[in-house]
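Residues per chain are reported as follows:
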Amino acid sequence: MVPLSWYLIFAALLFSIGLFGVLSRRNAIAILLGIELMLNAVNINLAAFWRYGQDVTQMTGQVFAIIVFAVAAAEVAVGLALVISVYRRRNTVVADDINMMKW
Amino acid sequence: MTGGQIIFLLVTLFTLGSGFMVVTTRNLVHAALWLVSTLFGVAVTYALLNATFLAVVQVVVYIGAIAILFIFAVMLTRKDMRDQGPQMNPNWWLGALLSVLVFVGLFLLLQGWSGLSTTVADLPVGFDSISELGNALVSPDAYVLPFEVASVLLVAALVGAVYVAFNRK
(Lines give C-alpha, C1' and ligand atoms only; values in the text may rest on other atoms or scores of the structure.)
Protein backbone atom coordinates (compact mmCIF):
# COMPACT_ATOMS: atom_id res chain seq x y z
CA MET A 1 0.00 0.00 0.00
CA VAL A 2 0.93 3.67 -0.02
CA PRO A 3 3.80 4.52 2.37
CA LEU A 4 3.58 7.55 4.65
CA SER A 5 6.19 9.45 2.65
CA TRP A 6 3.89 9.79 -0.37
CA TYR A 7 1.30 11.63 1.69
CA LEU A 8 3.93 13.88 3.24
CA ILE A 9 5.49 14.79 -0.12
CA PHE A 10 2.03 15.40 -1.60
CA ALA A 11 1.25 17.75 1.32
CA ALA A 12 4.62 19.51 0.94
CA LEU A 13 3.92 20.10 -2.78
CA LEU A 14 0.44 21.47 -2.06
CA PHE A 15 1.91 23.71 0.64
CA SER A 16 4.54 25.06 -1.77
CA ILE A 17 1.90 25.78 -4.42
CA GLY A 18 -0.15 27.68 -1.83
CA LEU A 19 2.93 29.58 -0.70
CA PHE A 20 3.62 30.61 -4.30
CA GLY A 21 0.06 31.91 -4.57
CA VAL A 22 0.38 33.90 -1.35
CA LEU A 23 3.69 35.44 -2.36
CA SER A 24 3.02 36.32 -5.98
CA ARG A 25 -0.67 37.14 -6.52
CA ARG A 26 -1.70 40.80 -6.49
CA ASN A 27 -5.37 40.35 -5.65
CA ALA A 28 -6.06 40.08 -1.89
CA ILE A 29 -8.73 37.40 -2.45
CA ALA A 30 -6.26 35.32 -4.47
CA ILE A 31 -3.84 35.55 -1.52
CA LEU A 32 -6.57 34.13 0.73
CA LEU A 33 -7.06 31.28 -1.80
CA GLY A 34 -3.35 30.45 -1.42
CA ILE A 35 -3.71 30.40 2.37
CA GLU A 36 -6.56 27.88 2.01
CA LEU A 37 -4.29 25.58 -0.01
CA MET A 38 -1.61 25.78 2.71
CA LEU A 39 -4.13 24.96 5.47
CA ASN A 40 -5.35 21.97 3.48
CA ALA A 41 -1.79 20.68 3.09
CA VAL A 42 -1.37 20.84 6.87
CA ASN A 43 -4.62 18.94 7.36
CA ILE A 44 -3.49 16.15 5.03
CA ASN A 45 -0.38 15.75 7.19
CA LEU A 46 -2.46 15.59 10.38
CA ALA A 47 -4.80 12.95 8.95
CA ALA A 48 -1.86 10.92 7.56
CA PHE A 49 -0.05 10.95 10.90
CA TRP A 50 -3.27 9.82 12.61
CA ARG A 51 -3.64 6.87 10.22
CA TYR A 52 0.03 5.82 10.23
CA GLY A 53 0.60 6.45 13.95
CA GLN A 54 1.30 3.78 16.55
CA ASP A 55 -2.23 3.78 17.99
CA VAL A 56 -5.07 4.46 15.59
CA THR A 57 -7.56 4.75 18.49
CA GLN A 58 -5.73 7.91 19.59
CA MET A 59 -7.81 10.57 17.81
CA THR A 60 -5.51 13.57 18.35
CA GLY A 61 -4.71 13.99 14.64
CA GLN A 62 -8.35 14.13 13.56
CA VAL A 63 -9.32 16.44 16.44
CA PHE A 64 -6.47 18.76 15.49
CA ALA A 65 -7.66 18.72 11.87
CA ILE A 66 -11.20 19.66 12.96
CA ILE A 67 -9.84 22.60 14.99
CA VAL A 68 -7.92 23.67 11.87
CA PHE A 69 -11.22 23.56 9.94
CA ALA A 70 -12.82 25.89 12.49
CA VAL A 71 -9.86 28.29 12.44
CA ALA A 72 -9.85 28.30 8.63
CA ALA A 73 -13.55 29.16 8.52
CA ALA A 74 -13.01 32.00 11.01
CA GLU A 75 -9.98 33.26 9.06
CA VAL A 76 -11.83 33.30 5.74
CA ALA A 77 -14.86 35.08 7.22
CA VAL A 78 -12.77 37.85 8.79
CA GLY A 79 -10.40 38.10 5.81
CA LEU A 80 -13.13 38.44 3.22
CA ALA A 81 -15.01 40.94 5.41
CA LEU A 82 -11.84 43.04 5.59
CA VAL A 83 -11.36 42.82 1.80
CA ILE A 84 -14.95 43.90 1.16
CA SER A 85 -14.64 46.74 3.68
CA VAL A 86 -11.40 47.96 2.07
CA TYR A 87 -12.97 47.68 -1.39
CA ARG A 88 -15.84 49.88 -0.25
CA ARG A 89 -13.49 52.62 0.97
CA ARG A 90 -10.65 52.47 -1.54
CA ASN A 91 -12.29 50.80 -4.55
CA THR A 92 -9.41 48.33 -4.94
CA VAL A 93 -8.52 44.81 -3.86
CA VAL A 94 -4.91 44.90 -5.08
CA ALA A 95 -2.71 44.23 -2.05
CA ASP A 96 -0.04 46.71 -3.21
CA ASP A 97 -2.52 49.60 -3.27
CA ILE A 98 -3.83 48.97 0.24
CA ASN A 99 -1.34 51.17 2.07
CA MET A 100 -3.59 53.14 4.40
CA MET A 101 -1.50 52.18 7.44
CA LYS A 102 1.76 53.20 5.79
CA TRP A 103 3.12 56.32 7.41
CA MET B 1 2.28 -0.81 -8.32
CA THR B 2 -0.82 -1.85 -6.51
CA GLY B 3 -4.29 -0.51 -7.16
CA GLY B 4 -4.21 1.68 -4.06
CA GLN B 5 -1.01 3.36 -5.22
CA ILE B 6 -2.42 4.06 -8.68
CA ILE B 7 -5.56 5.59 -7.16
CA PHE B 8 -3.43 7.69 -4.81
CA LEU B 9 -1.28 8.97 -7.68
CA LEU B 10 -4.32 9.86 -9.79
CA VAL B 11 -5.91 11.76 -6.89
CA THR B 12 -2.61 13.52 -6.19
CA LEU B 13 -2.15 14.58 -9.81
CA PHE B 14 -5.72 15.87 -9.96
CA THR B 15 -5.35 17.81 -6.69
CA LEU B 16 -1.95 19.31 -7.47
CA GLY B 17 -3.00 20.25 -11.01
CA SER B 18 -6.09 22.03 -9.72
CA GLY B 19 -4.03 23.69 -7.00
CA PHE B 20 -1.60 24.96 -9.61
CA MET B 21 -4.50 26.36 -11.62
CA VAL B 22 -5.79 28.13 -8.47
CA VAL B 23 -2.60 30.16 -8.16
CA THR B 24 -2.02 30.80 -11.87
CA THR B 25 -5.45 31.41 -13.45
CA ARG B 26 -6.09 35.03 -14.36
CA ASN B 27 -9.84 34.99 -13.83
CA LEU B 28 -10.58 34.85 -10.09
CA VAL B 29 -13.97 33.16 -10.49
CA HIS B 30 -12.18 30.36 -12.34
CA ALA B 31 -9.56 30.27 -9.58
CA ALA B 32 -12.31 29.83 -6.97
CA LEU B 33 -13.84 27.00 -9.04
CA TRP B 34 -10.40 25.34 -9.32
CA LEU B 35 -10.19 25.68 -5.52
CA VAL B 36 -13.42 23.65 -5.31
CA SER B 37 -11.83 20.84 -7.32
CA THR B 38 -8.63 20.98 -5.22
CA LEU B 39 -10.69 20.72 -2.03
CA PHE B 40 -12.57 17.78 -3.51
CA GLY B 41 -9.26 16.04 -4.22
CA VAL B 42 -8.22 16.61 -0.60
CA ALA B 43 -11.57 15.13 0.53
CA VAL B 44 -10.81 12.00 -1.52
CA THR B 45 -7.38 11.86 0.15
CA TYR B 46 -9.09 11.87 3.56
CA ALA B 47 -11.32 9.04 2.39
CA LEU B 48 -8.22 7.08 1.28
CA LEU B 49 -6.84 7.61 4.80
CA ASN B 50 -10.06 6.18 6.36
CA ALA B 51 -10.80 9.59 7.92
CA THR B 52 -14.42 9.45 6.78
CA PHE B 53 -15.69 12.24 9.04
CA LEU B 54 -12.98 14.61 7.80
CA ALA B 55 -13.87 13.78 4.19
CA VAL B 56 -17.54 14.66 4.74
CA VAL B 57 -16.70 17.81 6.72
CA GLN B 58 -14.30 18.83 3.95
CA VAL B 59 -17.10 18.65 1.39
CA VAL B 60 -19.72 20.32 3.61
CA VAL B 61 -17.63 23.06 5.24
CA TYR B 62 -14.89 23.79 2.73
CA ILE B 63 -16.71 23.28 -0.57
CA GLY B 64 -20.18 24.15 0.70
CA ALA B 65 -19.32 27.21 2.75
CA ILE B 66 -15.79 28.54 2.30
CA ALA B 67 -15.53 28.19 -1.48
CA ILE B 68 -18.98 29.72 -1.95
CA LEU B 69 -17.95 32.60 0.34
CA PHE B 70 -14.91 33.13 -1.91
CA ILE B 71 -17.09 33.25 -5.02
CA PHE B 72 -19.37 35.80 -3.34
CA ALA B 73 -16.40 37.94 -2.34
CA VAL B 74 -14.95 37.82 -5.87
CA MET B 75 -18.27 38.93 -7.33
CA LEU B 76 -18.70 41.73 -4.76
CA THR B 77 -15.28 43.25 -5.39
CA ARG B 78 -15.15 43.90 -9.12
CA LYS B 79 -16.45 46.73 -11.21
CA ASP B 80 -16.76 44.62 -14.36
CA MET B 81 -16.28 40.92 -14.99
CA ARG B 82 -13.04 41.33 -16.97
CA ASP B 83 -9.70 41.16 -15.20
CA GLN B 84 -7.44 43.80 -16.59
CA GLY B 85 -3.79 44.32 -15.70
CA PRO B 86 -1.30 41.73 -14.52
CA GLN B 87 -2.47 39.26 -11.89
CA MET B 88 1.04 38.55 -10.60
CA ASN B 89 3.54 40.71 -8.77
CA PRO B 90 6.43 42.06 -10.87
CA ASN B 91 8.75 39.94 -8.71
CA TRP B 92 6.65 36.78 -8.85
CA TRP B 93 9.73 34.76 -9.75
CA LEU B 94 11.08 35.48 -6.26
CA GLY B 95 7.94 33.90 -4.80
CA ALA B 96 8.36 30.90 -7.13
CA LEU B 97 12.01 30.52 -6.12
CA LEU B 98 11.14 30.73 -2.43
CA SER B 99 8.36 28.13 -2.69
CA VAL B 100 10.65 25.75 -4.61
CA LEU B 101 13.27 26.25 -1.90
CA VAL B 102 10.68 25.53 0.81
CA PHE B 103 9.69 22.32 -0.98
CA VAL B 104 13.32 21.23 -1.35
CA GLY B 105 13.92 22.02 2.32
CA LEU B 106 10.88 19.99 3.42
CA PHE B 107 11.91 17.13 1.12
CA LEU B 108 15.45 17.02 2.55
CA LEU B 109 14.02 17.22 6.07
CA LEU B 110 11.75 14.25 5.33
CA GLN B 111 14.64 12.29 3.78
CA GLY B 112 16.51 12.38 7.06
CA TRP B 113 13.57 11.08 9.11
CA SER B 114 13.53 7.40 9.99
CA GLY B 115 9.73 6.98 10.25
CA LEU B 116 9.24 7.89 6.60
CA SER B 117 8.71 4.40 5.18
CA THR B 118 6.09 3.46 7.80
CA THR B 119 3.44 1.34 6.18
CA VAL B 120 -0.16 1.42 7.21
CA ALA B 121 -1.49 -1.04 9.79
CA ASP B 122 -4.93 -2.54 9.38
CA LEU B 123 -7.70 -0.91 11.37
CA PRO B 124 -8.67 -2.91 14.48
CA VAL B 125 -11.72 -5.14 14.01
CA GLY B 126 -14.92 -3.29 14.88
CA PHE B 127 -13.12 0.06 15.05
CA ASP B 128 -15.49 2.97 14.44
CA SER B 129 -13.51 6.14 13.88
CA ILE B 130 -16.56 8.41 13.96
CA SER B 131 -17.75 7.34 17.42
CA GLU B 132 -14.15 7.44 18.71
CA LEU B 133 -13.82 10.98 17.34
CA GLY B 134 -17.12 12.05 18.88
CA ASN B 135 -16.09 10.66 22.25
CA ALA B 136 -12.72 12.38 22.03
CA LEU B 137 -14.36 15.73 21.24
CA VAL B 138 -16.68 15.76 24.27
CA SER B 139 -14.77 13.72 26.83
CA PRO B 140 -13.33 15.77 29.72
CA ASP B 141 -10.21 13.55 29.63
CA ALA B 142 -9.63 14.43 26.00
CA TYR B 143 -10.43 17.50 23.95
CA VAL B 144 -13.59 19.14 25.26
CA LEU B 145 -11.78 22.36 26.19
CA PRO B 146 -10.12 22.97 22.76
CA PHE B 147 -13.47 22.10 21.16
CA GLU B 148 -15.30 24.76 23.21
CA VAL B 149 -12.53 27.30 22.60
CA ALA B 150 -12.84 26.66 18.86
CA SER B 151 -16.59 27.31 18.98
CA VAL B 152 -16.08 30.57 20.92
CA LEU B 153 -13.45 31.59 18.36
CA LEU B 154 -15.86 30.87 15.51
CA VAL B 155 -18.64 32.96 17.08
CA ALA B 156 -16.25 35.83 17.80
CA ALA B 157 -14.85 35.73 14.26
CA LEU B 158 -18.29 35.72 12.63
CA VAL B 159 -19.58 38.58 14.81
CA GLY B 160 -16.38 40.45 14.00
CA ALA B 161 -16.79 39.76 10.28
CA VAL B 162 -20.34 41.16 10.32
CA TYR B 163 -19.11 44.23 12.22
CA VAL B 164 -16.20 44.85 9.84
CA ALA B 165 -18.22 44.45 6.65
CA PHE B 166 -21.28 46.35 7.95
CA ASN B 167 -22.13 49.38 5.83
CA ARG B 168 -22.59 52.38 8.16
CA LYS B 169 -24.20 55.38 6.62
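Keep in mind that what you see is a predicted model, and the values were worked out from it rather than measured. (Residues numbered from 1 in each chain as written. Chains lettered and ligands numbered in written order. Predicted model: local features only at pLDDT ≥ 70, side-chain atom pairs only at ≥ 80, totals over all residues.)

*Asks:* I'd like a description of the overall build of chain B, backed by residues and values.
*Replies:* When its secondary structure is counted, chain B shows six helices and zero strands. Over its C-alpha atoms chain B spans a radius of gyration of 21 Å, topping by over 25% the 15 Å that the globule rule assigns to 169 residues. The C-alpha extent of chain B, read off along each of the three principal axes, is 60 × 40 × 30 Å. Of the contacts formed within chain B by residues at least 6 apart in sequence, a portion of 52% connects residues at least 24 apart. (Helix = DSSP H or I, 4+ residues; strand = E, 2+ residues; numbered from the N terminus. Rg over C-alpha atoms; globule rule 2.2 N^0.38 Å. Contact = placed C-beta atoms within 7 Å.)

*Asks:* Talk me through the overall build of chain A; I want residue IDs and the actual numbers.
*Replies:* Per the secondary structure count, chain A includes three helices and zero strands. When the helices and strands of chain A are placed in sequence order, the string is α-α-α. Taking 103 residues into account, the globule formula puts the C-alpha radius of gyration at 13 Å, and chain A, at 17 Å, lies well above it. The C-alpha extent of chain A, read off along each of the three principal axes, is 55 × 25 × 20 Å. The contacts of chain A with a sequence gap of at least 6 include a subset with a gap of at least 24, amounting to 48%.

*Asks:* Tell me what's going on with the domain arrangement of chain B, and back it up with residues and numbers.
*Replies:* Split into domains, chain B comes out as domain 1 (1-82) and domain 2 (128-169). Here domain 1 of chain B and domain 2 of chain B have C-alpha centroids that lie 23 Å from each other. (Domains from an automatic or database assignment.)

*Asks:* Outline helix α2 (residues 28-48) of chain B, supporting the account with residue identities and numerical values.
*Replies:* Over its 21 residues, α2 of chain B runs 30 Å from end to end, which matches the ideal 30 Å to within 8%, given 1.5 Å per residue. Positive phi appears at N50 of chain B, one or two residues downstream of α2 of chain B, with a value of about 65°. (Expected span 1.5 Å × (residues − 1).)

*Asks:* Could you give me a rundown of the environment of A51 of chain B, with the residues and numbers involved?
*Replies:* By the element assignment, A51 of chain B lies in the loop between α2 and α3 (52-76). The class for A51 of chain B is buried, based on 27 C-beta atoms found within 10 Å. Sequence-distant contacts of A51 of chain B, that is, excluding residues within four places in its chain, are made with A47, W50, R51 and Q62 of chain A together with Y46 and S129 of chain B. (Buried ≥ 20, exposed ≤ 12 C-beta atoms within 10 Å, placed from the backbone.)

*Asks:* Give me the packing of helix α2 (residues 28-52) of chain A against α2 of chain B: which residues, what numbers.
*Replies:* Contact pair α2 of chain A / α2 of chain B: the axes reach a minimum separation of 11 Å and the direction vectors enclose 5°. If you check the angle between α2 of chain A and α2 of chain B, you find them roughly parallel. Where α2 of chain A approaches α2 of chain B, its residues I29, A30, L33, E36, L37, N40, I44 and A47 of chain A are matched on the opposing element by L28, A31, A32, L35, T38, L39, V42, T45 and Y46 of chain B. Of the residues contributing to the contact of α2 of chain A with α2 of chain B, the split by class is 13 nonpolar, three polar and one charged. (Axes fitted to C-alpha atoms, helices over the stretch in contact; angles between N-to-C directions. Parallel < 35°, antiparallel > 145°, perpendicular 65-115°, else oblique. Nonpolar A, V, L, I, M, F, W, Y, C, P; charged D, E, K, R; others polar.)

*Asks:* Outline the confidence of the model for chain A, supporting the account with residue identities and numerical values.
*Replies:* Mean pLDDT for chain A: 88, with 100% of residues reaching 70 or above. When pLDDT is averaged over each helix and strand of chain A, the minimum, 90, is found for helix α3 (residues 60-90) of chain A and the maximum, 92, for helix α1 (residues 4-24) of chain A. (pLDDT = per-residue confidence, 0-100.)

*Asks:* Lay out the interface of chain B and chain A in plain terms, naming residues and giving numbers.
*Replies:* At the junction of the two partners, chain B supplies 74 residues and chain A supplies 60 residues. Elements with a minimum of two residues in the side of chain B that touches chain A: α1 (3-24), α2, α3, α4 (92-111), α5 (129-138) and α6 (144-165) of chain B. The residue inventory of the side of chain B that touches chain A, partitioned by class, reads 54 nonpolar, 19 polar and one charged.

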